[in-house]
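Listed below, chain by chain, are the residues.
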Amino acid sequence: MKRVFAFLVLAATVAAACGGTNTAGTTGSPSASAAPSASAAPTPKPMQVGLVTDVGGLNDKSFNQAANTGRLNAEKDFGLKTSVIESKKQEDYVPNLTTFAQQNYDLVIAVGFLMQNAAWKVAKQFPNVKFAIIDGAPANDAGNTENLPNVANLFFKEQEAGYLVGVIAATMAKNKVGKATHNTVCSMGGIPIPPVDRYMAGYQDAIKTISPTTTILIGYSNDFVDQQKGKEVGLNHISKNCDILFQVAGGSGLGYIAAAKEKGVYAIGVDVDQIDVAPGTVITSAIKRVDKAVYDTSKAIKDGTFKAGDNSFNATNDGVGYGKLDAVVPADAKAAADKALADIKSGTIKPKTDLTVKP
Amino acid sequence: MTWEQLIGAGVLAAMLRLATPIALAALGGVIAERSGVVNIALEGCMLVGAFFGVVAADRTHSVVLALAVAMAAGAVLAGVHAVAAIHLRSDQIVSGMALNILALGLTSFLDYQFYGNTGTPADLAAVPDVEIAPLAAVPFIGDVIGHQNTIVWLTVVLVVLIQVFLFRTVPGLRLRAVGEHPRAAETVGIGVRRTRYWAVLASGLLAALGGAYLSLSVAHSFTDGMTGGRGFIGLAAMIFGRWTPIGALVASLVFGYGTALSFSLQGASIGDVRVPVQLLSTLPYVLTILAVAGFVGRSRPPASDGIPYETEGH
């Protein structure tokens, strides 16, 4: 009888593992490297790219999803062999990164600022494997960043994307467009970390610049996964007359959008185009092309142009931008956003990176 | 810091919403442990409830069917735990933990299989709110309980029913006897294993209802790991509530209040010092520790809690 139970535990472990690796790439032929025949030209071994997601799952409609899209595109276009492992908790970061490094992957991508230290640890141990960190640089145990020769730091100018959606929100609040009648806009972050705060700093900067009379609220759900917490922050903001809600909290932010939908006000999505999350509620999204970062870095590995240290993705190289617009967004708001985009590219506008309104 | 931020109607309404899933998990814990089985798979039961509730709502467009499927999924997972814990007499913590891991892996795997890169659909059938017309107009009280979700009210009803069942009915007495002294219960003809099976299945149903509340009443979607440890917090609420339904509800309310405060107090200041957000997020846990240390006193589990029962002569 005990044996039956042991089997049960085994089955559970296998199923859990399947949850993490079910999407292993199929493009590259795994046997390609084994004993090429003398007559034919040797088939080159496909490059291997491994992606380790942050917690929240592959279809978080946000960060992890964008990274995975970039991986799938790179696999399709460059004939790479790619795999993904989902982290279920923060303690998974190091083992997951190590799994790929041990198998001699050509590139291991860590998705997220929170993996800085884990990536530092593993990259030190495997100096011959190339790593990339989305939103971060390797950080030692004391928490200080330390550039490593085999790690690319993929940074985004989130403040530029935040500024663009801030322009749209400010224009709508100022002109009292549609349901935005209270001249109050707000935003919610997940955890106060630099990439999250940069988004909201740019957003606030645009609002202060374009519509100084508009009230700005800010909050945090203290979570990137929990939707109920995000929704409660949203309901709290809406009770304070906020009618445009910008979420910067991954999965938790979907709860913030759910609050806007329930109360019939507007929301702004983040990272990927979230207009389909709640049509009619989400008016646009602040886009950060995590997919492009993954895609470009995979391409660099293939072409041998991998660059360790800081790599910037910004408005100028189409690394950030704003998403599709809902029909309620007036033409002048779009025109203002497009002008701001041009000004950011030309360097006339430099969005702030520090929060003006703090919680 | 204002009274509005501390005990305003908005805070109290949020407290009820945040306490509901925890209270449902805690109720499940009370029933299972009163019968003598520790079920730490409550978290997993919530998660499968949340997920399969969304799948059923998507396929059938019926809230009633969705809730039924969610609760059935929770009961199936709890059933596996029951077989392991009661029939196979295995370590209940190990079995529960394994099932939690299974639930997390299974739901994220199936989520990706069913909904791919796009996530669950935006137009899911939702559990409706109950509007109590005469109350909704009353200031303050109307804002607190005038527009709560059906499952919030259902939870209150379940707490009362289960409290009465456990402490005022014969089957409830038998269930508690099985958890305190199974040998004595068996000698008077009570089926120990059968009682425990029913109790564990019921705990799965209740926890899964809590999970379905999160996905079908609050979020209107499913995301990986969305239960966020509420099953474990439910177990804490059960202990804090001394293994009684009403105690567990009170404990859940304390936890819900702490969480609600951690949002309403954002931006508040004491004197000239702003309260840091990170510190506020510890409030639910600090309040719980204070409550446990200060008011609960000694809390005693059922005497045979977690001990597998072996029938005489086997």
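Check the entry above for the structure.
These remarks concern the structure in this document. Here the structure is a predicted model, which means the values were calculated and not measured.

## Section: the environment of B:Pro308
All names here are of chain B. Here Pro308 is to be found in the segment after α15 (283-296). A residue is classified by how many C-beta atoms lie within 10 Å of it, and Pro308, with 19 of them, is partly exposed. Taking C-alpha positions, Pro308 is 12 Å from Glu33, a pair spaced 275 residues apart along the chain. Non-local contacts of Pro308, meaning those with residues more than four positions away in its chain, are made with Ala85 and Arg89.

## As for the interface of chain B and chain A
Between chain B and chain A, the contact holds 40 residues from the first and 50 residues from the second. When contributions to the side of chain B that touches chain A are tallied by element, the ones reaching two or more residues are α2 (9-34), α5 (92-115), α11 (192-219) and α13 (245-264) of chain B. Among the elements that line the side of chain B that touches chain A, the one with the most residues is α5(B), at twelve residues. Tallied by class, the residues present in the side of chain B that touches chain A amount to 21 nonpolar, 17 polar and two charged.

## Side note on the sheet that holds strand β6 (residues 184-189) of chain A
Residue and element names in this part refer to chain A. With respect to topology, six strands assemble into an open sheet ordered β7-β6-β8-β9-β10-β12, the strand pairing being mixed. Only two strands of the sheet have a single neighbouring strand rather than two, namely β7 (215-220) and β12 (320-322). Neighbour-to-neighbour, the strand axes of this sheet turn through a mean angle of 15 degrees, independent of strand direction. Relative to β12, strand β10 (residues 282-288) is paired through three bridges, and the arrangement is antiparallel. Following the sheet pairing, Ala286 is matched in β12 by Tyr322.

## Side note on the sheet that holds strand β11 (residues 309-313) of chain A
Residue and element names in this part refer to chain A. Read from one edge of the open sheet, six strands run β2-β1-β3-β4-β5-β11, paired in parallel fashion. Each edge of the open sheet carries a strand with a single partner, namely β2 (81-85) and β11. Across the sheet, the mean angle from the axis of one strand to that of its neighbour is 20 degrees, orientation sign disregarded. Across the sheet, helix α9 (residues 290-303) touches β1 (48-52), β3 (107-111), β4 (130-134), β5 (151-156) and β11, and the angle it forms with β3 is around 165 degrees.

## Quick word on unusual backbone geometry
A positive phi angle is found at A:Asn183, which is not glycine, with a value near 55 degrees. Along the chain, A:Asn183 falls in the loop between α5 (158-174) and β6. Overall, the presence of 17 C-beta atoms within 10 Å leaves A:Asn183 in the partly exposed class. With phi around 65 degrees, B:Phe140 is a residue other than glycine that occupies positive phi space. By the secondary structure assignment, B:Phe140 is in the loop between α6 (133-136) and α7 (141-145). For B:Phe140, a count of 11 C-beta atoms within 10 Å translates into the label exposed.

Conventions adopted
Residues numbered from 1 in each chain as written. Chains lettered and ligands numbered in written order. Predicted model: local features only at pLDDT ≥ 70, side-chain atom pairs only at ≥ 80, totals over all residues. Helix = DSSP H or I, 4+ residues; strand = E, 2+ residues; numbered from the N terminus. Buried ≥ 20, exposed ≤ 12 C-beta atoms within 10 Å, placed from the backbone. Contact = placed C-beta atoms within 7 Å. Nonpolar A, V, L, I, M, F, W, Y, C, P; charged D, E, K, R; others polar. Pairing = 2+ DSSP bridges. Axes fitted to C-alpha atoms, helices over the stretch in contact; angles between N-to-C directions.

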